[in-house]
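Notes for the structure review
So the chains spell out like this:
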Amino acid sequence: MSGEATHHWVVVLDIENFSSRPDPIQRSLRAGMYEVLREALQRAGLPADGVVTEDRGDGVLMIVPATVSPIVLAGPFVHALDEELRQKAVVYGPAHAMRFRVALHQGIVARDGEGWSGDAVNTACRLVDAGPLREVLAAASSSRMVFVVSDEIYRAVVRHGHRSIDPAAYLPMPFRTKHGELIGSWVTVPGSPAPPGLPPASGGTEPDDARADTGGQRASAAGRRPPGGAGISVGTVHGDVFQGDKTVNVNTTGPVRP
């Protein structure tokens, strides 16, 4: 049955270097990933029975109702994920090292008989697969996750500095998709004053409207760009273990439950 297209928050979570692990370790990582996700949802006070999830093999896609505050998603939920990963790291050996890339976007999505679809889903998946995001996590060797938000989320939520959200810890991370589309985004590493590993500046600059009305928060972030560079580099999106464009359609498997 088809449903009316409605606004939702879209969260995508991927495990770093998942496909390079042997099958038994992949199964262990998947079990650990869902344990971390369930605990983080509970700690952040998010309604597990209202969050639709899609298994992606190496990660999870979440369709979150618009009634949930994006402040909770970008703040307490991200912090809870990081804390749960910290606890897992205490008992997991190097072969089972589990680190996340997590993306947050928003937009209109629709549900039909096969699942969910919409450009918001496509964009969120492109965010989490972006090459520069992978490089940030690789450079943040002592961290457990990276978190990227679309420019819309940054403008509406992050830059205002709501509780438990530090806009000064975010840096701009624009990148191009394999189709040449330029996507604006902002990245942070929980627990770090600034994300490392962003590509060197390539001479490009933010559009004037992106710099407008952002106050000192964005200026603070921009002040930490690599020395000698006047602008922002543009990276590309990488694929993963799925064939083709996995972001076109989303099949619903139901809520995450303990």
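Keep in mind the model is a prediction, meaning the values are calculated, not measured.

Overview of the pattern of salt bridges
Using the criterion set out here, one finds 12 salt bridges in the structure. Ionic pairing is found between Asp-14 and Arg-56, a salt bridge with its closest N-O pair at 2.4 Å. Taken together, the residues Asp-14 in strand β1 (residues 6-15) and Arg-56 in the loop between β2 (52-55) and β3 (59-65) connect sequence positions 42 residues apart. Judged by relative accessible area, Asp-14 falls into the buried class, the value being 0%. For Arg-56, a relative accessible area of 6% gives the class buried. The salt bridge partner of Asp-14 is Arg-101, with a shortest N-O separation of 3.2 Å. Taken together, the positions of Asp-14 in strand β1 and Arg-101 in strand β4 (residues 100-112) put the pair 87 residues apart, joining distant regions of the chain. The exposure classification of Asp-14 matches that of Arg-101, with both residues buried. A network of salt bridges, in which partner residues are shared, links Asp-14, Arg-56, Arg-101, Asp-129 and Arg-134.

Focus: the packing of aromatic side chains
One pass over the full model with this rule turns up two aromatic pairs. Ring geometry for Tyr-154 versus Tyr-170: centroids 6.3 Å apart, planes at 65°, classification edge-to-face. Of the two residues, Tyr-154 sits in helix α5 (residues 151-156) while Tyr-170 sits in the loop between α5 and β7 (171-172), which places them 16 residues apart along the sequence. These aromatic residues form a ring-pair network of at least three members: Tyr-154, Tyr-170 and Trp-186.

Focus on the nonpolar core
Core analysis: the biggest nonpolar cluster contains 44 residues, and Phe-77 and Phe-100 have the highest contact counts within it. Breaking this core down by element, the ones donating at least two residues are β1, α1 (23-43), β3, α2 (70-91), β4, β6 (145-150) and α5. Of all the elements, α2 adds the most residues to this core, at nine residues. When sequence neighbours within four positions are dropped, the list of residues in contact with Phe-77 reads Val-11, Leu-37, Ala-40, Leu-41, Ala-44, Leu-46, Met-62 and Val-72.

Considering the pairing of β4
Note: β1 against β4, 10 bridges, orientation antiparallel. Paired with Val-12 across the strands is Ala-103, a residue of β4. Strand direction decides the pairing type here: β4 and strand β5 (residues 115-117), joined by three bridges, are antiparallel. Looking at β5, one finds that Ala-110 is bridged to Ser-117.

Looking at helix α3 (residues 119-129)
α3 sits mainly inside the fold: 10 of its 11 residues count as buried. Three or more residues of α3 are buried, namely Ala-120, Val-121, Asn-122, Thr-123, Ala-124, Cys-125, Arg-126, Leu-127, Val-128 and Asp-129.

Focus: the pairing of strand β10 (residues 185-188)
Neither face of β10 is open: one carries Ser-185 and Val-187, the other Trp-186 and Thr-188, and all of them are buried. Two elements, β6 and β10, share four bridges in a ladder whose sense is antiparallel. Residue Val-149 lies in a different strand from β10, and its bridge partner there is Trp-186. Two elements, β7 and β10, share two bridges in a ladder whose sense is antiparallel. Bridge pairing links Leu-171 to Val-187 in β10.

Examining the environment of Ala-120
Counting through the fold element by element, Ala-120 comes out in helix α3. Looking at Ala-120, the relative accessible area reads 5%, which means it is buried. C-alpha separation for the pair Ala-120 and Val-10, spaced 110 residues apart in sequence, amounts to 7.1 Å. Ala-120 has contacts with Val-10, His-105, Gln-106, Gly-107, Ile-108 and Val-109, leaving out every residue within four places of it along the chain.

Let's talk about unusual backbone geometry
Positive phi, normally seen in glycine, also occurs at Asn-17, with a value near 55°. With respect to the helices and strands, the residue Asn-17 is situated in the loop between β1 and α1. Backbone geometry at Ser-164 places phi at a positive 65°, although glycine is not the residue there. By secondary structure assignment, the location of Ser-164 is in the loop between α5 and β7. Residue classification places Ser-164 among the partly exposed positions, given a relative accessible area of 40%.

Cut-off values and rules
Residues numbered from 1 in each chain as written. Predicted model: local features only at pLDDT ≥ 70, side-chain atom pairs only at ≥ 80, totals over all residues. Heavy atoms only, no water. Salt bridge = Lys/Arg side-chain N within 4 Å of Asp/Glu carboxyl O. Helix = DSSP H or I, 4+ residues; strand = E, 2+ residues; numbered from the N terminus. Buried < 20%, exposed > 50% of the residue type's maximum accessible area, 1.4 Å probe, protein only. Phe/Tyr/Trp six-rings, centres within 6.5 Å; stacked < 30°, edge-to-face > 60°. Core = buried A, V, L, I, M, F, W, Y, C linked by side-chain atoms within 4.5 Å. Contact = heavy atoms within 4.5 Å. Pairing = 2+ DSSP bridges.

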